[in-house]
Amino acid sequence: MAIRARRYSQARAQAGTNLELAWWVFMRVSGLVLVFLVLGHLYMANILINAGDVDYNYIARRLSNTTWKIYDWVMLSLSLLHGMNGLRYVLDDWVRDARARFWTKIVTYSLAVLVFFVGSMSLLNHDFSKGLSENTRLEHSEGTR
Amino acid sequence: MYRGREGQWAFFLHRLSGIAILLYLLIHVLNISAAMWGPEVSERLFAIEHTPIFRIGLVGVIAAVLYHALNGLRVILMDFTAWGVRLQRELWYGVWLLFALFFVPALIKIVPEILRTMGVI
């Protein structure tokens, strides 16, 4: 059951288990980190450039850069954990039938694991620099930010 | 806790924006990761995403993220400060003030881009 406390001391008192308290703390810590990571990401993808100009080359350049691989992977991990735990709170509140709740969780958690796996593969296990010519890389090295 | 008033709206919108962001996140990661299968696959997906209706949807996602981020900071202040809960209503108005401060300039930058692709301007 989600903790409804407004203060850490209350949260500790309300948490049924240490794990539930750990999730309560995680939501706040990851949320604070994600504010900067995600707003930075949106700024780079929508304000610094025209989001309508994003194409394969932009992705390949960006995912050829180690800094952005790390940035994106931290963002991917934290946002999926934060989002899926948030969804767990919502399902516990809104899906009253225990069987339906159980299966909804099975399906959504599986989907999240799949998305995490595919996203991690593209960030860590695929060489996007292969398709880029040396010229393209030099030409756009500033643009990848 | 504060039923039917600002606090409950803040809570409800936090959930709604959270669900919207999660849905977009799952689609977005799969969509960007599709670049692993080469430019043709990617370009076909981008052709869909760069249509005006999807661009407008993306503006909605930006709004959802901005509200969720700012109201999330409000939740953290309520949880970890002595005055956060007492001033939760004022903090919520602050959330909307900051929201407007960031979102209006973003609209001024992005909306003309969308209108140009539509040939309106």
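Starting afresh in each chain, residues are numbered from 1 along the sequence in its written order. Going through the entries in the order they are written, you letter the chains from A and number the ligands from 1. For a predicted model such as this one, the threshold for reporting local features is a pLDDT of at least 70, and the threshold for listing and counting side-chain atom pairs is 80 or more; totals across whole chains, interfaces and linings nevertheless cover every residue. Excluded from the side-chain calculation are hydrogens and water; included are all heavy atoms of the structure.

### Details of the overall build of chain A
Then comes step 1: Starting at the N terminus, helices and strands are each numbered in turn, a helix being any DSSP run of H or I of at least four residues and a strand any DSSP run of E of at least two. Each helix and strand in chain A was counted, giving six helices and zero strands.
Then comes step 2: In chain A, the order of α-helices and β-strands from amino to carboxyl end is α-α-α-α-α-α.
Then comes step 3: Whether a residue is buried, partly exposed or exposed follows from its accessible area with a 1.4 Å probe, protein chains only, as a fraction of its type maximum: under 20%, in between, or over 50%, in that order. Residues counted as buried form 46% of the 145 residues belonging to chain A.
Then comes step 4: Here the open area of atoms and residues is found with the Shrake-Rupley method and a 1.4 Å probe, where only the protein chains shown may cover a residue. When the accessible surface of chain A is split by element, carbon and sulfur atoms take 63% of a total near 8,200 Å².

### Considerations on the packing of helix H2 (residues 18-47) of chain A against helix H4 (residues 66-94) of chain A
Residues and elements named next belong to chain A.
Then comes step 1: Between H2 and H4, the least distance of the axes is 8 Å, while the angle of their chain directions is 135°. Classified by the interaxial angle, the pair formed by H2 and H4 is oblique. Handedness of the crossing formed by H2 with H4: left-handed.
Then comes step 2: When residues are grouped by polarity, Ala, Val, Leu, Ile, Met, Phe, Trp, Tyr, Cys and Pro land in nonpolar, Asp, Glu, Lys and Arg in charged, and all others, Gly among them, in polar. Taken together, the residues of the contact of H2 with H4 break down into 17 nonpolar, eight polar and two charged. The convention used is that axes are lines fitted to C-alpha atoms, helices contributing only their stretch in contact, and that angles between N-to-C directions extend from 0 to 180 degrees. An angle below 35 degrees is read as roughly parallel, one above 145 as roughly antiparallel, one from 65 to 115 as roughly perpendicular, and any other as oblique. Crossing handedness follows the turn of the near helix against the far one: under a right angle anticlockwise gives a left-handed crossing, and clockwise gives a right-handed one.

### A look at the interface of chain B and chain A
Then comes step 1: Opposite the 42 residues of chain B that make contact, chain A presents 43 residues.
Then comes step 2: Note on definitions: buried area is the accessible-area loss of two parts on being combined, 1.4 Å probe, summed for both. When chain B packs against chain A, close to 3,500 Å² is buried across both sides, 73% of that on carbon and sulfur atoms.
Then comes step 3: Salt bridges, as used here, are contacts in which a Lys or Arg side-chain nitrogen is within 4 Å of a carboxyl oxygen on Asp or Glu. The interface formed by chain B and chain A includes two salt bridges.
Then comes step 4: A salt bridge links A:Arg28 to B:Asp79; the shortest N-O distance between them is 2.4 Å.
Then comes step 5: The term polar contact refers here to a pair of N or O atoms within 3.5 Å; inside protein, the definition further demands a hydrogen-donor-capable atom paired with an acceptor-capable atom, and it admits residues adjacent in sequence only when both atoms are side-chain atoms. Put simply, chain B and chain A have 11 residue pairs in polar contact (both at pLDDT 80 or more) between them. For this analysis, residues touch if any pair of their heavy atoms sits within 4.5 Å.

### Focus on the pattern of salt bridges
Then comes step 1: Scanning the entire structure with this criterion turns up 10 salt bridges over all chains.
Then comes step 2: Linking B:Arg15 and A:Asp93 is a salt bridge whose minimum nitrogen-to-oxygen distance equals 2.7 Å. You can see B:Arg15 sitting in helix H1 (residues 6-33) and its partner A:Asp93 sitting in helix H4, one on each of two chains. One exposure class covers both B:Arg15 and A:Asp93, and it is buried.
Then comes step 3: It is possible to trace a salt-bridge network through shared partners that takes in A:Asp92, A:Arg101 and A:Lys105.

### Topic: the environment of A:Gln14
Residues and elements named next belong to chain A.
Then comes step 1: Mapping Gln 14 onto the fold places it in helix H1 (residues 8-14).
Then comes step 2: In this structure, the C-alpha to C-alpha distance between Gln 14 and Arg 62, residues 48 residues apart in sequence, is 44 Å.
Then comes step 3: In contact with Gln 14, not counting residues within four places along its chain, are Ile 3, Arg 4 and Ala 5.

Everything listed here is a matter of geometry and, on its own, says nothing about what the molecule does.
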